[in-house]
Amino acid sequence: MSINIDEILKALSDALRDRILQTKSLRPEKTCIQVEAGAHKDAVKVLLKQDGNAGISAITGVDLGEKIELMYHIRICGTIITIGTIVSKENAKIESITDLIPGANFHEREVSDLFGVTFEGHPNPKRLILPEDWPENVFPLRKDVTAANFQSKTQISGASKDHERVSNGEKLVNIVLGPQHPALIEPEKFSLKVDGEIVKEVAPRIGYVHRGIEKAAESRTYLQNIYLVERICGICNACHATCFCQTVEAIMGVNVPPRARYLRTIILELNRIHSHMLLLGHAGLEIGYETLFHYMWRDREPVLDIMEELTGNRVITSFITIGGVRRDLKEEAISKINAGLASLKKKMSFYRQLFENDSTLKMRTRDVGVLSKQDALKLCVVGPVARGSGVDMDVRRDEPYAAYNEIPFRVITYDEGDAWARLMVRLGEIVESINIIQYALEHLPSGPYRIKVPRIVPAGEAIGRVEAPRGELFYYVKSNGTAYPERVKVRTPTFANIPAFVKIAEGGNIADVPASFVSLDPCFSCTDR
């Protein structure tokens, strides 16, 4: 898709005129339009007119002292344009944009929980992350809230509102999935109202293991934060570390050596293969096809061996750092890695035939949990969930990072929009990832794999995105010119994709809920960062 940022900015200027306060740059080469309070909604309308596929990536709140800055990061024409506005802490209210972009629902609720901003007109302004017994008027990401004063303000209520009796009309039955359930590896809760066997309504509740990593990042150095953010998720740890490091590198103006860019690409694609095979095996478990689970996880083991060969670690790799990577790849390891990938690639043909022809897989996943392309765009879903509904988006191609601008690959899409299509996207992407790694190994540049960078990061702001296994991973980092960041914002793919579960589960059979759910590949370790 051709990008004409000048035309988009002119349309914004014509529509808002003197309601635009300033235009500033967020690195690397991203535009932020600062508008008057109340004009943000008109600005979003203009952006939606410019690109029918536009959606929201994240909403970032920043505590400015007496005021709170809100930044709406809009994904448009393959890049990000940010609409910024400021509200006072004393009267922290702003109009909701959920009527324009339904996918902004969770983003606004999260900002409301963490910064105390009221989004007027929001269809469901309940708490999303904070527990029910969290004290009123204590907003964790405001600067005046610290761990010390938080403890003194915590109030323990006698009963959780989670147990509140749900009105079920005449015949609806409330079935609670989670927070501990065999189908959920991690603790989250979904309340399903069913009529007979048909799901009529879904109410998600997240935040059971929220770790406050964004807050913790403000009191750690940039170097310490690399280790912190890669522990957001054990599976896609390299994606978090890469996204954080390249965002900080953008503020510093650091150019990573070519060899490091290729090595980053290799570990990112190994992460993708690892994650996709884990999910595909788990999908077998959820639909009663345990043999698939054992086969897929057996064949995933060599991928972990390759990761260990490259990084010294099988799971949390600690491979990425600001300025490059921590270890070089030994020449003698390349043939070993290639042999392992070639073996895995042959096995993928077997799995493709299985997913295309096996009657059990087809019965449990075809026409199950259908998400139309239109709904996928409205809900602003990302990654294989979007591509399984025919939305052609991939950060690796749209805004290349690492070495993706030099490596050919296909973006896998399916138009069916059902659980089967989402699984097939991942199956196809495993083969593409193998091709990418083989190309990177064959064309691996010589030279340094890392450059030294200062511990102090100059003042500035940047946003970064990578295509994690579950989709677009978004980071915003603001530096105040010290060794400690002023603000670190993380929006994970699962956070963007959970609203899709509500959509695809409603109207379906209760027996199809596990298949629908697993096809989204939810990760609550990421979501509850």
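For the structure itself, look to the data block above.
Attention in this report is confined to the structure presented alongside it. In this text, all values refer to a predicted model and were calculated from it rather than measured experimentally.

### Quick notes on the sheet that holds strand β15 (residues 485–491)
Step number 1: Spatial strand order, β13-β14-β15: three strands in an open sheet with antiparallel pairing. Looking at strand neighbours, the two that pair on one side only are β13 (460–468) and β15, the edges of this open sheet. When strand polarity is set aside, the average angle formed by the axes of neighbouring strands in this sheet is 15 degrees.
Step number 2: Relative to strand β14 (residues 471–479), β13 runs antiparallel, the two sharing nine bridges. When the sheet's bridge partners are listed, A468 is paired in β14 with G471.

### Some details on helix α16 (residues 493–505)
Step number 1: Given a rise of 1.5 Å per residue, 13 residues ought to cover 18 Å, and the 19 Å separating the end C-alpha atoms of α16 matches this to within 8%.
Step number 2: A large share of α16 lies buried, amounting to 12 of its 13 residues.
Step number 3: Along α16, the positions that sit buried rather than exposed are P493, T494, F495, A496, N497, I498, P499, A500, F501, V502, I504 and A505.
Step number 4: One or two positions beyond α16, positive phi appears at G507, with a value near 95 degrees.

### Description of the nonpolar core
Step number 1: Core analysis: the largest hydrophobic core is formed by 95 residues, its most contacted members being F244, L270, L329, F355 and Y475.
Step number 2: Not counting residues up to four positions away in its chain, the partners in contact with L270 are V303, I306, M307, L310 and I437.

### Describing helix α15 (residues 419–442)
Step number 1: With 24 residues, α15 ought to run about 34 Å at 1.5 Å a step, and its terminal C-alpha atoms sit 35 Å apart, in line with that.
Step number 2: Among the 24 residues that make up α15, 19 are buried, leaving the element largely enclosed by the rest of the structure.

### Here we look at the sheet that holds strand β9 (residues 189–195)
Step number 1: Here three strands make up an open sheet; going across it, the order is β8-β9-β10 and the pairing antiparallel. Across the chains shown, the open sheet's two edge strands, defined by having one partner strand only, are β8 (173–177) and β10 (198–205). Taken pair by pair, the neighbouring strands of this sheet meet at an average axis angle of 25 degrees, ignoring direction.
Step number 2: Bridge analysis of β9 against β10 gives seven bridges, and the strand direction is antiparallel. Bridge pairing in β10 links L192 to V202.
Step number 3: Contacting β9 and β10, α16 crosses the sheet at an angle of about 165 degrees to β10.

### Things to note about the pairing of strand β3 (residues 55–63)
Step number 1: Burial of β3 is extensive: nine of the nine residues sit out of reach of the surface.
Step number 2: Relative to strand β4 (residues 67–76), β3 is paired through eight bridges, and the arrangement is antiparallel. Looking across to β4, one finds that G55 is bridged to R75.

Reading the values: the criteria
Residues numbered from 1 in each chain as written. Predicted model: local features only at pLDDT ≥ 70, side-chain atom pairs only at ≥ 80, totals over all residues. Heavy atoms only, no water. Pairing = 2+ DSSP bridges. Helix = DSSP H or I, 4+ residues; strand = E, 2+ residues; numbered from the N terminus. Axes fitted to C-alpha atoms, helices over the stretch in contact; angles between N-to-C directions. Expected span 1.5 Å × (residues − 1). Buried < 20%, exposed > 50% of the residue type's maximum accessible area, 1.4 Å probe, protein only. Core = buried A, V, L, I, M, F, W, Y, C linked by side-chain atoms within 4.5 Å. Contact = heavy atoms within 4.5 Å.

Keep in mind that these numbers describe shape and distance, not what the molecule does.
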